[in-house]
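# Structure assessment
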Amino acid sequence: MNNDFLKYQAQTSPYPLGMEVSHAIGSYIYDTNNNKYLDFVAGVSACTLGHQHPRVNNAIKNQLDKYSHVMVYGEYSQSPAVEYCKLLAAHLPFPLETTYLVNSGTEATEGALKLARRITGRSQLISCHNAYHGNTMGSMSVMGFEERKQIFRPLVPDVDFITFNNEDDLQKITTKTAGIILETIQGGAGFIQPYDGFLKKVRARCTEVGAIMILDEIQPGFGRTGKLFGFQNYDVVPDIVIMGKGMGGGMPVGGFTASQKNMDLLSDNPKLGHITTFGGHPVIAAACLATLQELTETSIMRDTLAKEKLFRTLLVHPLIKEIRGEGLMLAAMTENAEITNKVIFKCQDKGLILFWLLFESCAIRITPPLTISNQEIEEGCKIILEAMDEILNEN
């Protein structure tokens, strides 16, 4: 591992994987020793169209030749951002029509929480146990995992938690609640999907008491579940939708969308109620626009469901207890963290990139680019099964 990487670049864990990347293209990443790795992670769901997608690359290069950053967000009309937000609105249900572009998913969460308080004039926020919405102070305040946030307290006050899919807990949403924030599919908790109409029941309770329903689509969004956004699979429309990760085709971006009436509240009383210097950056917005055009003009999103079936057909093994998730947002569940760790490390040694989930130690993340081919799926699944066979033989 490059010692300069460890010395000069701040680390997020004591034991980074440390691959020295040379280049990446399509579904593969290459290290500086020219070893080839099939990517089943896609930058943790961020590289929607794989690596170096020509439509995204060309959009970035074309925009660079015109202009890059010229003014803080919201002052000048810059066509990449305008066209992107317009196209996004065309593929969202009414009244989700106005988007605020920021630089990351966690910033989008911050903006959404502020907007919920601004709309309602209330302070209470509700989230879910084992939820993850980002890692800044506001986002961490609605993280439902005390072990990760205790040392950073005090955080934003007046936050309560419910259990995902627990209908009885919805009585905690009251006339004192500004908003409830939910992942459409709980990511860090183990790719847990809503069931028994849970999201519709949340929607009804929010409408009843005047609370804002915020859905976090940072992981499920942009085609990963077969629809542009995961909530479109559940016949529900939130007041605010948060997005990030896959929206930029591998470029750093986030956003939150609401009705124009509600979003306008951030522009006055006080003015500059939410501001960002680089949000809506024209080069990033051009990449977002190209990504969204590719998703909506091709069969890529629909194809994720057939690819999910292929994964489920191929990944049958005694060490796999179940496969959770939808589309190409999948988690292969093992009996314990030790098995999961062994599988991930063995597969990297064999040329396949897998990864973990934040809070569920038994889960193996499988979130490849949506452009992955059936042949590549078969290639990667063969490696997983070989690794698991080796683990069985070791015992």
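As a reminder, the structure under discussion sits directly above these lines.
Below: a short report on this structure.

What counts, and where the lines are drawn
- Residues numbered from 1 in each chain as written.
- Predicted model: local features only at pLDDT ≥ 70, side-chain atom pairs only at ≥ 80, totals over all residues.
- Heavy atoms only, no water.
- Salt bridge = Lys/Arg side-chain N within 4 Å of Asp/Glu carboxyl O.
- Helix = DSSP H or I, 4+ residues; strand = E, 2+ residues; numbered from the N terminus.
- Buried < 20%, exposed > 50% of the residue type's maximum accessible area, 1.4 Å probe, protein only.
- Expected span 1.5 Å × (residues − 1).
- Patch = residues over 30% accessible without salt bridge, like charges linked within 9 Å, V, L, I, M, F, W, Y side chains within 5 Å.
- Areas by Shrake-Rupley, 256 points an atom, 1.4 Å probe, with all protein chains shown as cover.
- Pairing = 2+ DSSP bridges.
- Axes fitted to C-alpha atoms, helices over the stretch in contact; angles between N-to-C directions.
- Contact = heavy atoms within 4.5 Å.

## Describing the pattern of salt bridges
- Inspection of every chain in the model, using the stated rule, returns 15 salt bridges.
- Residues R55 and E297 are paired through a salt bridge, measuring 3.0 Å at the closest nitrogen-oxygen approach. Here the residue R55 occupies a position in helix α3 (residues 54–64), and E297 occupies one in helix α10 (residues 282–297), the gap between them amounting to 242 residues.
- By relative accessible area, which is 53% here, E297 ends up exposed.
- Between K350 and E390 there is a salt bridge, with the nearest N and O atoms lying 2.7 Å from each other.

## Details of α10
- Look at α10: 22 Å from first C-alpha to last across 16 residues, which is about the 22 Å you get at 1.5 Å a residue.
- With respect to burial, α10 is a largely interior element, 13 of its 16 residues being buried.

## Observations regarding unusual backbone geometry
- Omega for the bond connecting F94 with P95 falls within 30 degrees of zero, at 10°, which places this linkage in the cis form.
- On the secondary structure map, P95 appears in the loop between α4 (79–90) and β4 (98–102).
- Residue P270 is reached from N269 by a cis peptide bond, and omega for that bond is 5°.
- Take P270: it is sitting in the loop between α9 (260–263) and α10.
- Backbone geometry at F191 places phi at a positive 55°, although glycine is not the residue there.
- As for its placement among the helices and strands, F191 is situated in the loop between β7 (177–183) and α8 (198–209).

## With respect to the environment of E110
- In this structure, E110 sits in helix α5 (residues 105–120).
- In this structure E110 comes out as partly exposed when scored by relative accessible area, which is 22%.
- The sequence separation of E110 and I275 amounts to 165 residues, and the corresponding C-alpha distance is 11 Å.

## Comments concerning a nonpolar patch on the surface
- On the surface, L17, F345 and F355 cluster together into a nonpolar patch covering about 240 Å² of accessible area.
- Looking at where F355 falls in the secondary structure, it is placed in the loop between β13 (352–353) and β14 (363–366).

## Focus: the sheet that holds β14
- Spatially, β11-β12-β14 is the arrangement adopted by the 3 strands of the open sheet, whose pairing is antiparallel. If you trace the sheet from one side to the other, it starts and ends with β11 (322–326) and β14, each paired once. For this sheet, the mean inter-axis angle between neighbouring strands, taken without regard to orientation, is 20°.
- Here 4 bridges tie strand β12 (residues 329–333) to β14, and the two strands are oriented antiparallel to one another. Bridging across to β14, A331 finds its partner in R365.
- Where helix α11 (residues 300–314) meets the sheet, it contacts β11, β12 and β14, and its direction lies at approximately 175° from that of β11.

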